[in-house]
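# Structural overview for review
Okay, here's what each chain looks like letter by letter:
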Amino acid sequence: MKKFIESLVNAWKIDELRNKIVLTLGMLVVYRFGAQVTLPGIDATKLQNLSTQTDQGIGWLINVFTGGAFSQASVFALGIMPYISASIVVQLMGIAIPYLQKLQKDGESGRKKINQITRWLTIGITLLQGPGYIYNLYKQLPADAFLLGFSSFGFLFSSVIILTTGTIFAMWLGEKITDKGIGNGISLLIMVGILARLPQAFIQEFSSRVTENNGGPMLIVLEVIIWLLIIIACILLTMAVRKIPVQYARRTTAGDFEQDMMGGNRQWIPLKLNASGVMPIIFAQAIMFIPAAVAGLSSSDAAQTITTSFQNIFGWQYNLVFALLIIIFTYFYTAITVPTNKMADDLKRSGGFIPGIRPGVETGDYLDKIMSLLTFPGSLFLALIAVFPAIAVSLIGVQQGWAMFYGGTSLLIMVGVAIDTIQQVNAYLLNKHYDGLMKSGKNRKAVA
């Protein structure tokens, strides 16, 4: 703890880092403030039905990722998720569309064009999701909650424009945090929205255990210990890598004589146990919305059974299919994001090789084999963490709101973003130390 406090003090002493931290915190405050601003034309005192819709199940999950803005009928009700959806679509389309493949290879200019395409696609997705959200308000809220009229075109049009503007503004905040602040802005916005729900979930669980005498304080302590162990497991999953040793030829020159000395420089290629991050869970959750939506179009008994099963995110049917989809998408996303053949080509061009493996095709095959072996336990571990909230509800009997922090996307995002931000702060601290050494060197030279 002492070392951690000293690191915070040292970070605050660096002017550039301090300014970045203050800017980041300020923009996060702006985002949280906007999440509490209700859409014009809606009576904020009559949102009880909307809050009830997001108390559990899929509605609760959507509300978590928007930081409570969904249940507040806020100007940020759609949150940053349309931008996430657009980014995923562009990334996946990059596999099939040659133009996007070319942009990915064009360096900084290509990255800027891809970002511009993502922004325009975000606007399109928001314009499609906006009317759906307004329709949900019509279904959930009483008629007198709409101050401009229940079916006013003016309210519908203005609300969709405001929701789209809110998403664009949230996207702008995230990009500014990434460029001028500390950490990944989009990820920080999502993490702050998730953390905003954590105190309320814990208070409700504490009240249920202690006030209602449903297990008592000791069970709360046990739950917190299990929660901390799961966080440690998520950290291990995020940080675990397999280091593939690599050797480079060291070339020495003496006059016209050149000699290659093998084994001069030793490095390694870090292959992550979970190279796909939380994306398989996000893909799987998107797919899991489809069966209930399709079955809801029919009134048959079978359709009603499917709807009930897939709307209960803590049921065994839902979680079994959910876990299988996560394993499948982990292999899929790892295959498209870890280009082992390109890694092998780059290694060959730079004069490196894996001991005992021929450069080129054999190196690519070797890396692909290792990546496949890593992906299997990684996908199982990821699926286990994703379904652990349902396990916690079944075995320990925790409330659903608190159980959602026992795993799944919420916990993995919090852990991943926290690790990434801490690593960036550490990089600034190391750079400051390096600058100090350089200044000392200059002073010694001046004295000489």
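Heads up: these notes are all about the structure in this document.

Rules and cut-offs
- Along each chain, the written sequence defines residue order, and numbers are assigned to residues from 1.
- With pLDDT at 70 or above as the cut-off, local features in this predicted model cover only qualifying residues; side-chain atom pairs require 80 or more to be listed or tallied, and sums for whole chains, interfaces and linings still use all residues.
- For side-chain calculations, the full set of non-hydrogen atoms in the structure is used, while hydrogens and water are omitted.
- Residues enter a nonpolar core if they are buried and are Ala, Val, Leu, Ile, Met, Phe, Trp, Tyr or Cys, with the set joined through side-chain atoms within 4.5 Å.
- Relative accessible area decides the class of each residue, using a 1.4 Å probe on protein chains only: under 20% of the type maximum gives buried, over 50% gives exposed, and in between gives partly exposed.
- Under the DSSP-based scheme used, a helix requires at least four consecutive residues in state H or I and a strand at least two consecutive residues in state E, with every element numbered from the N terminus.
- All the domain ranges listed were derived from an automatic or database domain assignment.
- Geometry of aromatic contacts follows a simple scheme: Phe, Tyr and Trp rings, the Trp one being its six-membered ring, pair when their centres are within 6.5 Å, and the pair is stacked under 30 degrees between planes, edge-to-face over 60, tilted otherwise.
- For a helix, the expected span equals 1.5 Å multiplied by the number of residues minus one.
- At every residue, the bend is computed as the angle between two fitted axes, covering the seven residues ending there and the seven beginning there respectively.
- We count a salt bridge whenever a side-chain nitrogen from Lys or Arg sits within 4 Å of a carboxyl oxygen from Asp or Glu.
- Residue contacts follow a heavy-atom distance rule, with two residues in contact if any of their heavy atoms lie within 4.5 Å.
- To count toward a patch, a residue needs a relative accessible area over 30% and no salt bridge; like charges are then connected within 9 Å, while nonpolar side chains (Val, Leu, Ile, Met, Phe, Trp, Tyr) are connected within 5 Å.
- Here the open area of atoms and residues is found with the Shrake-Rupley method and a 1.4 Å probe, where only the protein chains shown may cover a residue.

Core analysis: the largest hydrophobic core is formed by 87 residues, its most contacted members being Tyr133, Ile134, Leu137 and Phe322. Counting residues per element, this core draws most heavily on helix α9 (residues 185–211), which supplies 9 residues. Each of domain 1 (1–181) and domain 2 (201–249 + 265–434) contributes no fewer than three residues to this core. Listed in part, the 12 residues of the second largest apolar core include Tyr248, Leu271, Met371 and Leu374.

The geometry of an aromatic ring pair comes down to the distance between the two centres and the angle between the two planes. Per the counting criterion, the structure on display carries 14 aromatic pairs. Between the aromatic rings of Tyr138 and Phe155, the centroid separation amounts to 6.4 Å while the plane-to-plane angle is 50 degrees, which identifies the pairing as tilted. With Tyr138 in helix α7 (residues 107–140) and Phe155 in helix α8 (residues 153–180), this pair connects stretches of sequence that are 17 residues apart. By relative accessible area, which is 0% here, Phe155 ends up buried. Where Trp227 meets Trp402, the ring centres are 5.4 Å apart and the plane angle is 50 degrees; that geometry is what we call tilted. Placement of the pair is Trp227 in helix α10 (residues 216–239) and Trp402 in helix α16 (residues 400–403), with a sequence separation of 175 residues. Three or more aromatic residues joined by ring pairs form one cluster here, namely Phe202, Phe206, Trp227, Phe388, Trp402 and Tyr406.

The terminal C-alpha atoms of helix α15 (residues 361–395) lie 49 Å apart, and with 35 residues this matches the ideal 51 Å at 1.5 Å per residue to within 8%. At Phe388, α15 shows its maximal bend, which comes to roughly 45 degrees, and the proline Pro389 appears one to four places after that position. Among the residues trailing α15, Gly397 stands out with phi positive, at a value near 80 degrees.

Our focus in this paragraph is the pattern of salt bridges. Evaluated as defined, the whole model comprises 6 salt bridges. For the salt bridge of Glu223 with Arg209, the shortest nitrogen-to-oxygen distance reads 2.8 Å. Highlighted residues: Glu223 in helix α10 and Arg209 in helix α9, separated in sequence by 14 residues. The residues Glu223 and Arg209 share a single accessibility class, namely buried. Within the structure, one salt-bridge network assembled from shared partners comprises Glu205, Arg209 and Glu223.

What follows deals with unusual backbone geometry. Residues other than glycine seldom take positive phi values, yet Ala73 does so here, at roughly 50 degrees. One can find Ala73 in the loop between α4 (57–65) and α5 (81–96). Judged by relative accessible area, which is 0%, Ala73 ranks as buried.

Bringing the environment of Ile186 into the picture now. You can see Ile186 is positioned in helix α9. Of the residues examined, Ile186 reaches a relative accessible area of 9% and is grouped as buried. With 105 residues separating them in the primary sequence, Ile186 and Met81 have C-alpha atoms 9.5 Å apart. For Ile186, the contacting residues outside a window of four places in its chain are Ile80, Tyr83, Ile84, Met171, Gly174 and Thr178.

Further remarks concern the side chain of Thr38. Looking at the element boundaries, Thr38 is found in the loop between α2 (15–34) and α3 (48–53). Here Thr38 falls in the buried class, since its relative accessible area comes to 19%. For Thr38, the residues in contact, after removing those within four places along its chain, are Ala44, Gln72, Ala73, Ser74 and Val75.

Here the focus is a nonpolar patch on the surface. On the surface, a cluster of nonpolar side chains totalling about 390 Å² of accessible area is made up of Val89, Met93, Ile97, Tyr99 and Ile117. Assignment of secondary structure puts Val89 in helix α5. Overall, the relative accessible area of 37% leaves Val89 in the partly exposed class.

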